[in-house]
Every structure is written in C-alpha cells, then in structure tokens.
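# Coordinates in review
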Amino acid sequence: MKSASLLIFFILVLNLVSCSKPTGDLLVHKISKHPKQESARYVATIDAQKCLKDVFAIELVKKEIKEIEDRYSNLSKVSGKWKHLDLSSLPIPQANFLKKYGSRLGDLNNSQAFDFSSCQDVPCVFNKIYQKEGDVAGYVHYLWYLKMGNLLAATNTVYNAKSQSKPGIYNGKEFAVSAYLYRENELYAFWRLLQLLKEPHTKLSDFTEIHRVPQGESFDFEVEERKNGGGGLGETCGLAWSSGYVILQDLCLQVSSDKDFGYFYQAVMHEITHQVDYHQGRENKGTYRSTEKDYLDVAKFYLKEYKDESGQTVRQWEHHPGIKLVSGYAGTSPAENFAETISLFRLEGTKTKKSIAEDHWKFVSGKYFFDKSFENKELMKNWLAKKASDASTRSFQMVEECSKTTQTFTSNYFNKSDFIVPVLPAMVQCLSARASDLSLEISSDIKTKEIEGCSILNAYKAKDEWDLLFKNEVRTYLNKYLKQLHTDSGYFAKVQSFMELIPKKDMAVDAFLSCGSPEDEKACYEEEVKKKVNISLAPLELPEAHSEDLARLYLEAHPFESIRSHLTSYYKAFVQSQKSEVEIAAKSLWKTCHEIPISDEAAPSGRMFTLSEGYLISSVYNCLNEGFMREADSLVQHISFKGEKVEHPKEESLIKSEILPEFLSSLRSLYLEARTKEAQGIEEFKLKEKEQIRKIITSDFSWVSDVVSEVNVLRDCQKKALREVNYQVLYDQKSVVFGTFVNDVCQNITQAPSYLDWIEKSKTELTSKSYTNLETRVFDLGVQEAKKCLQSYPIDTSLNRTKFKKDREDCLVNSWPGLESRAIKEFEADPVVVKFQINVPALKAKLELSRRRLQLKIFKEHF
Amino acid sequence: MGPQFILLSLFLIVSCGQKSSSVKMGVTTRAELVAIKGEPLKEEKIPIKEGQVMFYENDEKYQLKGDVVVSSFKAPLGDEQLLIFWKHKFKDCLTISKSLDKIPGSHTPHEMELACPESGQSVIYTQGSDLISRLVEYEVR
C-alpha cells in the first residue's frame, strides 16, 4: 500500500510539473531573438523641424525591413531557386516572395527583358525593373510585401482588363513596363500609408496584388463608355475585386507638392478597405461585411430589389430617413459607404466625427480602430498615451537625477508652484531643463514618426495645445514621483528594477498567451498583465495604489493591439518558414482527393476551399473541403522548431490561423496548375475530334426535336455535340470550355447536305404521318358530332334505334363537310405542314376518298 | 387496435394539418403569402404596374404584381452561398449569365446574375466572387 501511495504521489507531482508549463517553452520565445531594450534615450541631436517626409530615405526603409526580417532569423531557410538565386541564401520573406511572385515581375511577355543576374536580393530585382540602381523604389515595394502580405506590382499587366490583348497593351496602345511603375512621390505616399495602416487592413489573406494602369491612361471600361456616349458621372480611379486585386489609375495616385497631402491617401486606403469588406464578409460566412445587418442599420441603408416588366433584376440601395454621410460618394451603396467612412475616419477624423451619426461613429471606432479616433485632439491624446510609459519612466529618472545632481540649469519650463510638494529652486531648474528637453525630443519623435505629426504640431494653435497637454502630463508624473520621494526616500531604489522591466515584453507575451477566448481577449489580457505585475511587485510591498499605477504604466507600454501584432508577426514568420510543409500537406490532400472515384453527382459542399472562376468536379471539391481542417490540424501538430513541436494551446491556435490561408493558397495553386494543364488537353482534343463529332451529328438527325425553328435546331445540335464530347472535364464546366467548340461543330447545320437530305427523306414519311393525323382528327371531330346527333336521335330503345336510323346518319353526313373543313384549316396552320410545304390539296383529295369509310366506322361504333 | 388506430389518425391529422410553407411564383396570392409568412415588416411600391414588394425577416422579400406573388429574393444559406453549388445545380440548364446595371458612380465590380430560366431561379453575385449574395425565384413564363 505504502509503495502504491508513493507511486500515486510521484504521478501527481509529475502531472503538476507538466501542467505548470514554464513559459520558456513557448515557441515565440524560442524563435524570437532576445528583445532589444527599447532605449529611453533619444538621439542626442534633435532637429525639431524635421518631419516624416524629411526622414524618408533608403536607410530608414532598410531599417524597417531589417526589423521585420530579424523575426525570421532563427527559422529554417527556404529551399529552391529563382533564376540564379539560391533561395536558402535569402532571408525567408524574400525567398517566399520570389516563390510566390517571382513569375509576376517585370515584362510578362519576356522573362529576359530585365537582367537580374547581379541581384542578391528582392529590392535589387525591383530596382532593375525601375532601371535605377540602389533606389528607394525596390525597398518600398519589398516593404509593402512584408507589411501587407501582397504584391505592389511592378509589371505590365492590369487585372481583368478587357483591352489587354496581351501584357503591355492597354486601351489599344502599347506601353513599356516603366509606364506601369510608380513615380517618386507615389512611392513615398505608399510608404507613408504603410505607417498608418494597421489591422485589419494589414491582415487580408485574400488580398494579393495592386496593379497600376499605365500612366496617363483611364480605365479601359471608362474609355469604352465614353466612346459609347456614356460616363460623365465622375471618373473611376480605382477598383477593388473580391478575388484580391486592386487596380489604380493616376487620379487615385495624386500626391500634392506637399507629399503628405493629396487624394492618394484617401483613394488607396478606400480601395484597401473594400478588401477588408470582402475579407470580413467571407470570415463571417457571408459575402460583404458592409451588407450585414448591423452595418446596414448604423449606416442606414436598405435594398430595394425587384424584377421589372421585362424580367430584368433591379437592385437599388436606398437610404433610411436620417442617414448621415461622410461624403456624397458614401451614399452610393453600403460597400462604398464602408470604404469611404472607414478611410476618412482615419484620415480626416475631425470631419468624419461631424458628418456621420454617433452610433455609426462608435461602430467604426470600436470595430476598426480599437476604440480610438483621429480628430486632432484625439490624435494628441493618442500620442500622449503612446508616449505615456516613456514619459513616465523618464520623469522617474528625472526626479531621481535631479534630486542628486549638483549641476546648475536655467529653464523656466516649470516654476515651483507647478509642484505639489516643496521643491528646491535648483531642483525646479533641473526638472524644468530636463522636461523641456523631453518635450522637444518627444515632439520631434512624433513629427518624424506619426503621419499627422507635423501637420498638427506645426500648426499654430494646435502646437500650443499640445505643448500644454504634454507639460501637464509630465508635471503629473513628476508630482507623483516627487511625492513618493518626499514620503519614502527608498521608493526609487525599490521601483528602479521594475522601471527597467517596463520596456520588456515577456510579461505581456505571457499574459496574452494565457487568454483563450477571442471575445474578451483584450479584457483578459489587461487583467492578466495586472496580475503578473502585481506578482512581480509583491516583494516590494508597495501600497495597492502604487502597484496599480505601475501596472497601468506597463500596460501603456504594451497595449493589447501592439502585443497581438508583435506576436502574430512571429507566428506568421514561423509558418512562412514552414511553407514547404504546408505545400506537401496540400499536395497530399490533393492527391488523395483525386484517388477516390470521380463523380459530379453530389452537390458541392464546404467553404474552406472555394472557387470564383472555373469549376471543380464535386467529388474532389467535397473531399478537399472535408479534409481541409483535418490536414490543417495535422500540420499544426506536425510542424516544429528545431525538432520541438508546438504544445501551448493558444500558440497552436495562433499558428493555425496563419496556416489556414497558406494551406488554402497552396491548394488553389494546385487547382490552377491542374486547370491550366487540362485546358491544354482540351484544346488538343478539340483539334482532334471536331471533324469526328460533326460526322456523328450529321449521320443521324434523331436529335432534332423541332425542325421548324432554326434556333431550336441549333440548340439541339449543340446539346447533342456536347453529349458526344467524351472528355471528362474536372476543372471547369464542360458547357463553358466546349461552348465555342459545339458552336463551331454545329455551324450551318441546317445548310448541311446531309441535313437537307434528311429533311427531304423525312418529307414522305412526314406526309404520311401527317395524313394519318389529319384523318384521326377528322374521325375525332366526327365522333363528337355523332354524339350530338345521338342527343337528337337517340338509340336508347330498339324502336328509336330503328325509327331514327336515317335521321342519325343524315345528321352526321350533313355536318361532315364542316368538320372536315375545320380539320383541314387546323392542319394547314400546323408549322410542320408549313415548313415542309406538305401538299394539302392532295391530302384533301385523299380525305374525300376516305370519307365514306370513316362515316361507316362511326355508324358502326356509335349508332 | 383501437388506441393504435387513434394514434395513427392523430399523426395523420397533425401531419395533414401542417400548412405547406412553399410560395409558388405566379400562383400564390397575397392573402396566401400572409397566411404562410405572416404580416410583412413593411411594404413598398415599385415602379412597375400594380407592383409592390413585401419585406420579411431575414432579408426576405416578395414581389407582387396585383394580387399574385411573382418573384422572391432571399439570402442564401449554407452551401447555397457557394457559386459553385449553383453552377452544379444549373449544369443541365441553358443558363444565362449577365451583368446587372452598375450602381451609378460605384467602382466595385459588376453584380452578375446567373439564371436558369426554365426553373425560374437565378443567383446574384459580384464578379470575381466565389459566393452569391441573393437567391431569386421568379415566375416561369
């Protein structure tokens, strides 16, 4: 018994040990480099006049790229080649970029048009296309891919362009690749836009490419419309497709001489917001987010739809009374309202706040901007909040430093009445000088990092407002710490180590990963952070209010959105490094689903793998959907970092959310590959079989159901031809891929000699059949007439039968010409009779000869 | 036998007593529609002779011409949302695919309608999308 108890005890201890997993086991800790200490010190020399646009340079963009690429530095490299480049020698994102988009760069008519042989990285590849060595262009294009996950294209193609007979042709003209590239100020604008775009705009797995219409050109459909006398309602400058493409022309890319202004920002963000609409609609198992009830309610739209007199479907968006719009264009439809409102909410916060209804404003702020808003005052508050932790830490350091320093300062930033505790004049001067420096540093930081920084902080009134706000904020911190110093001289020593902990993300990461449910994730995260901070501060035995204050400080340094974004970037990086595993899994599922019996009987079912173009035979489609999540789960279990699998449930969940779009993308690539291959096979089949199928059709015309209408003959022919096509089409609809083919096979079928022969031969048979029908009709009319005669001259008794015999017979015989005439009239009007020009007089004569026989038959059967 | 017979009869009565919920285009009258679906949330006139639309929950709408229901517009559910579902369903049909009139000034891609006239059904989707947004049923003429 004793040994059993001991055994149980050991088992329990082991379980306890395994349940309380040390956070050092987290994947994110293993794959991330030791986090850099975020220095509280700024650049010694501050140029308070510099703005974001002044610091935009290659080196800055390179630094941003490096920060992102560093997340991949511990992960497995990608294997493969792109032209001369060994992908394993490249940072993982560059390798993945070339794998995905390597065939979509430069001149799509000529892969040798640009000489990439001297390139060792992706920015160089882009710069070769721009024909500008070492230019910022290449870095901006690549940074766009890193942050947005899609391609800012540098190629001579425009998605879905009707006028594009081949790449480089648009609106009937030929253009060099350079016409499709971006101007210097447009590149700056793309980079600037990257600084402000956050989730959900940066997490759109289906958003794949941005194309530019050649410089100087309008959209081809607009040109066409103008040619046909249409247009005039304002030119379209951008289009967003739910298949993941955005196309832009010059008007959407306008940047002012002050590069921070211009229609560019609103226009491009508007188009990207359309992608948000599509993406979220799909996530919610619908079509568009903007047509979901809650959005329609706050935006005040409803749909009027009906069929008009001609049977055309009409769909019109109408406004509920009281609708308030951020712009006239936002009234067009919910989709435009969504794109316009959200983009202007971010870019013109003050205007938007005044323009839209309060519930609409709250909806957008809560669901798309983490309850923030962007009016000037709010932007300043946002900046203060962002800098709060830093400002507080610096204030802490200032108080500590100034309480000991013997240096003399001269500054009137503060005076002694600003402080709630008595402060020596020397210390007031010291604090003033340091605070003034801090104010300058932070203002400069905001101007060079925040996109509205200069426009607000350089504006006369706004600048004063900001200075006052910041001064009050710093004064609050200083007073807090001065008070502490006054009451507890050991406070600074106690709290110092915690203050040094503030920039570190570890507690925040652990807090985030201990929160499961996404519904209250933010609240859970904040609660967990507070708990962890309290545990960390427990040994210091601080008053509760101080602990709460320090917890708040830590939280301000690591807001929920930024930790989530930080973590998901690592999981994304991890999954990106495992792309080959994802592709293997996709190929395996694809193969399995092609090994089951092929059938198109069952209806397609499932939304994990879907198609907008083409078709997929339902047995394969359903198999892919059935296996999708199973394979994705298996991948999550299977992938590992240096041999170690992921075990934390939240990490598994986050990794799975990164795997799903990659897995889908791999399956779609396999589908497109198979479809392209099949299309080639179909073309070969068409060439080979056209004559044979024509022969079959013209050898037997039993497929003709209606000889009268040529349209119907053609339709019957096409149906027959399609039935004769014995090619099993898996990746498209047979009627679509063979549509033109069957048209060609059936061309002029009614003029074909064999058809005309058949018609001629059929005439005799048809005439005979028609006469039989005519005679039957006359007989039937005769029977009807006979029944009428029986009413007048009944055969109910033998006496009546005998008595009225002659009358009955006369009754029928006298009415016979009339009914015969009626039958012949009907016969003459029969389209078949008309079509085949049947000799009616001849049949009439024949009918006359049969007259007595038919009458006698009726006498016998009915009289 | 007695109690079992009564039970069976009851079952039959119950099942026969359930109203048929199908609305037939070109046949069902306004009164019959109200009997099936209840009173509408609202009604609106439309610019066709004797035309109006009745709005119901879940974004269902019924178009009437005079006293007769002639078409309906519904949100698709489940697999009905898939465009491929309808391509499969209409594969033996002589389908017509056309773009609807563009919303003036809008720059989202065209809405398309894939119709099977012989069945009186069509679906609406946006060009480039894999999902449909509306199911339309109409009188077969």
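Everything discussed here concerns the structure shown above.
Residues numbered from 1 in each chain as written. Chains lettered and ligands numbered in written order. Predicted model: local features only at pLDDT ≥ 70, side-chain atom pairs only at ≥ 80, totals over all residues. Heavy atoms only, no water.

## Section: the pattern of salt bridges
Where charged atoms of side chains with opposite charge meet at close range, the side chains can pair. Residue and element names in this part refer to chain A. Taken as a whole, this structure holds 73 salt bridges over all chains when the rule is applied. A salt bridge links Lys387 to Asp445, with the nearest nitrogen and oxygen atoms 2.3 Å apart. Here the residue Lys387 occupies a position in helix H15 (residues 376-402), and Asp445 occupies one in helix H16 (residues 425-449), the gap between them amounting to 58 residues. Judged by relative accessible area, Lys387 falls into the buried class, the value being 14%. A salt bridge links Asp633 to Lys656, with the shortest nitrogen-to-oxygen separation between them at 2.6 Å. Placement of Asp633 in helix H25 (residues 618-638) and of Lys656 in helix H26 (residues 649-699) is noted, with a sequence separation of 23 residues between them. (Salt bridge = Lys/Arg side-chain N within 4 Å of Asp/Glu carboxyl O. Helix = DSSP H or I, 4+ residues; strand = E, 2+ residues; numbered from the N terminus. Buried < 20%, exposed > 50% of the residue type's maximum accessible area, 1.4 Å probe, protein only.)

## Focus on the sheet that holds strand S3 (residues 151-152) of chain A
Residue and element names in this part refer to chain A. As summarised here, the arrangement of the four strands in space is S3-S6-S8-S7, forming an open sheet in which the pairing is mixed. This sheet does not close on itself; its edge strands, each paired only once, are S3 and strand S7 (238-240). In this sheet, strand S8 (residues 245-248) lies alongside S7 in antiparallel orientation, the contact comprising three bridges. Opposite Gly238, over in S8, you have Leu248 as the bridge partner. Those strands touched by helix H10 (residues 263-283) are S7 and S8, and its axis lies near 15° from that of S7. (Pairing = 2+ DSSP bridges. Contact = heavy atoms within 4.5 Å. Axes fitted to C-alpha atoms, helices over the stretch in contact; angles between N-to-C directions.)

## Points about the side chain of B:Ser133
Along the chain, B:Ser133 turns up in strand S8 (residues 132-138). Owing to a relative accessible area of 17%, B:Ser133 belongs among the buried residues under this scheme. Residue contacts for B:Ser133: discarding those within four places in its chain leaves A:Thr287, A:Arg315, B:Lys74, B:Ala75, B:Pro76, B:Glu111, B:Ile124 and B:Tyr125.

## Topic: the packing of helix H32 (residues 805-829) of chain A against helix H34 (residues 840-862) of chain A
Residue and element names in this part refer to chain A. Packing of H32 against H34 brings their axes to within 11 Å, and their N-to-C directions diverge by 145°. In terms of crossing hand, the pair formed by H32 and H34 is right-handed. Here H32 contributes Glu809, Leu812, Val813, Trp816, Glu820, Ile824, Phe827 and Glu828 to the contact with H34, which in turn contributes Val840, Leu843, Lys844, Leu847, Arg851, Arg852, Leu854, Gln855, Ile858 and Phe859. When the residues that make up the contact of H32 with H34 are grouped by side-chain class, the tally is eleven nonpolar, one polar and six charged. (Left-handed = near helix turned anticlockwise from the far one by under 90°. Nonpolar A, V, L, I, M, F, W, Y, C, P; charged D, E, K, R; others polar.)

## So, the interface of chain A and chain B
On the side of chain B, 50 residues touch chain A, which itself brings 58 residues to the contact. Buried area between chain A and chain B, summed over both chains or domains, comes out near 4400 Å², and the portion from carbon and sulfur atoms is 54%. When the buried surface of chain A facing chain B is broken down by residue, A:Glu305, A:Lys307 and A:Arg315 rank first, second and third, together holding 15% of it. Summed over the shared surface of chain A and chain B, the result is nine salt bridges. We note a salt bridge from B:Arg134 to A:Glu305, for which the minimum N-O separation is 2.4 Å. At the boundary of chain A with chain B, the tally comes to 25 residue pairs in polar contact (both at pLDDT 80 or more). Contributing elements (two or more residues each) for the side of chain A that touches chain B: S7, H10, strand S9 (301-307), strand S10 (313-319), helix H12 (334-347), H25 and helix H27 (710-724) of chain A. Examining the composition of the side of chain A that touches chain B, we find that six residues originate from one element, S9(A), more than from any other. Its residues assigned to classes, the side of chain A that touches chain B shows 19 nonpolar, 21 polar and 18 charged. (Buried area = accessible area lost by both parts, 1.4 Å probe. Polar contact = N/O pair within 3.5 Å; in protein donor to acceptor, adjacent residues only side chain to side chain.)

## Notes on the nonpolar core
Membership of the largest hydrophobic core comes to 210 residues, with the highest contact counts inside it found for A:Trp144, A:Phe190, A:Leu193, A:Phe609, A:Leu616, A:Phe663 and A:Leu667. Among the nonpolar cores identified, the runner-up in size contains 47 residues, and A:Cys717, A:Cys746, A:Val778 and A:Val783 belong to it. (Core = buried A, V, L, I, M, F, W, Y, C linked by side-chain atoms within 4.5 Å.)

## Examining the packing of aromatic side chains
Residue and element names in this part refer to chain A. For the coordinates displayed, the defined rule picks out 53 aromatic pairs over all chains. Arranged with centres 5.5 Å apart and planes meeting at 50°, the rings of Trp82 and Phe116 form a pair that is tilted. Here Phe116 lies in the loop between helix H5 (92-101) and helix H6 (122-130) and Trp82 lies in strand S1 (residues 81-82), a separation of 34 residues in the sequence. As far as the burial class goes, Trp82 and Phe116 line up, both buried. Residues Trp383 and Trp466 carry aromatic rings whose centres are separated by 6.0 Å and whose planes lie at 75° to one another, so their mutual orientation is edge-to-face. Of the two residues, Trp383 is situated in helix H15 and Trp466 in helix H18 (residues 460-487); the sequence distance between them amounts to 83 residues. As far as the burial class goes, Trp383 and Trp466 line up, both buried. (Phe/Tyr/Trp six-rings, centres within 6.5 Å; stacked < 30°, edge-to-face > 60°.)

## Some thoughts on the state of the cysteines
All names here are of chain A. All chains considered together, the criterion is met by nine disulfides over all chains. Here Cys119 connects covalently by a disulfide to Cys124, the sulfurs 2.0 Å from one another. In this structure the cystine formed by Cys119 and Cys124 twists about its S-S bond by roughly -75°; its chirality is therefore left-handed. Cys119 gets classed as buried once you look at its relative accessible area, which sits at 0%. (Disulfide = S-S within 2.5 Å.)

## Observations concerning the pairing of strand S6 (residues 111-116) of chain B
All names here are of chain B. Of all six residues in S6, five are buried, a share of seventy percent or more. The sheet contact formed by strand S5 (residues 96-99) and S6 spans four bridges and is antiparallel. Counterpart to Ser97 in the pairing with S6 is Leu114. Pairing of S6 with strand S7 (residues 121-126), which is carried by six bridges, proceeds in the antiparallel orientation. Paired with Met112 across the bridge in S7 is Tyr125. The turn joining S6 and S7, which pair antiparallel and follow one another in sequence, is formed by four residues; a positive phi near 70° is taken by Gly120.

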